[in-house]
Amino acid sequence: MDAEKSSWIVRGSKILERIFPTLGLELKTPSFNLFDLLLIIVSIIFIRSLCNGLRYIYHTLRYFFVDDLYTDYSNPDEDLSAHERPIPNGWMPVAETEQLDLGKVLKVKASGREFILLRDSNGKVHAMDPYCPHNGAHLGFGDVVKIGGEDCIRCPFHEWSFRAEDGVCVDVPYAKDRKAPKGSSVKKWRCTEINGWIFIWFHHREHDPYWFPEPIDNVISGKLSSVGRAELLCNIDIQTLGENTADFSHLDYVHDKRSDFDRKIAHFFGLKENIINQTRDNMQWKADKHKGILIMDFEMYFCGYKAGRTFFRATQMGPYFSSLKYQINFLGTSFNQEIVLATTSLHANKQKISLQMFTEKGILSRLIGRLSLLGVNYFVQQDCEIWQFLKCQAKPLQVKEEKALIDFRRWFKQFYDGATSDPSIYSDDGC
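If you're wondering where the values come from, they're calculated on a predicted model, not measured in any experiment.

Draft legend 1. Region of interest: the nonpolar core. One finds Leu-117, Ile-200, Trp-285, Phe-312, Phe-321 and Leu-355 to be the most contacted residues of the largest nonpolar core, which totals 73 residues. Among the elements that line this core, the one with the most residues is helix α7 (residues 363–387), at 7 residues. Beyond its immediate stretch of four places on either side in the chain, Phe-321 contacts Pro-93, Asn-195, Trp-197, Phe-199, Ile-216, Thr-315, Gln-316, Val-340, Leu-341 and Ala-342. Within the second largest apolar cluster, 16 residues are counted, among which are Leu-118, Ala-164, Val-172 and Val-186.

Right, here's the structure in full:
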């Protein structure tokens, strides 16, 4: 580049010399050739590629070790009202404990309807219908106040206040003696809080709870700590989702399929099997009142060589909540893990599946726990790819080798009490 083409630099220097004469600026005209220009262009391309590569590595590392996982398999165009199975009775997890602070209100959706949750000054959680019986304002936009020493939810529209303990209206600020019309109240829902979740009790006959979620000791005591969570949305009913635990035969055809990536890696190393492979034994499913219990052991293989054994125990507490315990023995070291699986039925045929992995302290334990979470999330994704197009069969065909699945279906029918008049729901061979 000649001096004439770069004269703007000289003109710029003269301007600076006039403005700042004391600086004594003297800019020399640079001399460029084609090679210098090419070198600059290549350097810019290299730096940009390097930045993109580092950005990709950063986001990949976050995905594997930090970020929560979210996948949406739901179909917004599907007619959710056309599904055969109703929402079953039981304790449904609707929000996590950390979502609701002291003296705050939270709007939640479950079972095709809306609710509000509020935490009073003593830390107790209450669940109510969301609309004020006065003029229908949404109480989720109200606030928690004290009226006569009692915690209340105050409507944002006309400031009618409803007692948190029973939903009764205790204050109308502009009425005589501040009294509400007789019978003014908001419906209260039974709720409980345990294992880091807030539950609402559903029963189609409005019966009182006859069982409660049990504490998960490793989570409550802090012996195991969280290494991440995954959330999936899928258009499927809750029973079909739960049947997965007793449907042993699908494991060979859904979860043991080799991915394209695994197939390419195995081919590169000349292997005939997966890089990581497993065999299962001691598979059992049994019912215990409102609980379903799954026992399964895995033998793990790495590049065809035995790498360790995993002992798996799952306890399903009613239709919506499960604890999945793993004891992984890998290369002579034992790792204890536990997954809290909470499912919220947003509608009879739309589920929000939450998986939170807890593991022992220590870098290696947390690393194994995080990789296990990724693996479990991948398995659920494989199921969701089938579930999202599945149609419930009123009388599914069954073979005797599916005894565990048949037992599960018989056990699950207890949660449909009062839900429907369809006799196929209650028969042994119903869906």
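Draft legend 2. Main features of the sheet that holds strand β8 (residues 161–163). One open sheet holds the 4 strands; their spatial order is β6-β7-β8-β9, and the pairing between them is antiparallel. For this open sheet the edge positions go to β6 (143–147) and β9 (169–171), each flanked by a neighbour on one side alone. Averaged over all adjacent pairs, the angle separating strand axes in this sheet is 45°, with direction ignored. Sheet topology note: the strand β7 (residues 150–154)/β8 ladder contains 3 bridges and is antiparallel.

Draft legend 3. Structural view of the sheet that holds strand β3 (residues 105–110). The 4 strands lie next to each other as β3-β4-β5-β10, forming an open sheet whose pairing is antiparallel. Taken across any chain shown, the strands that pair with only one partner, and hence form the sheet edges, are β3 and β10 (188–189). In the sheet, β3 pairs with strand β4 (residues 113–119) via 6 bridges, with the strands oriented antiparallel. Bridged to Val-105 within β4 is Leu-118.

Draft legend 4. Spotlight on the pairing of β4. Within β4, 5 of the 7 residues are buried, which leaves it mostly tucked inside the rest of the structure. Direction of pairing for β4 relative to strand β5 (residues 125–128): antiparallel, over a ladder of 4 bridges. Bridge pairing in β5 links Ile-116 to Met-128. The turn linking β4 back onto β5 is made up of 5 residues, and Gly-123 within it adopts a positive phi angle of 90°.

Reading guide: rules and limits
Residues numbered from 1 in each chain as written. Predicted model: local features only at pLDDT ≥ 70, side-chain atom pairs only at ≥ 80, totals over all residues. Heavy atoms only, no water. Core = buried A, V, L, I, M, F, W, Y, C linked by side-chain atoms within 4.5 Å. Buried < 20%, exposed > 50% of the residue type's maximum accessible area, 1.4 Å probe, protein only. Helix = DSSP H or I, 4+ residues; strand = E, 2+ residues; numbered from the N terminus. Contact = heavy atoms within 4.5 Å. Pairing = 2+ DSSP bridges. Axes fitted to C-alpha atoms, helices over the stretch in contact; angles between N-to-C directions.

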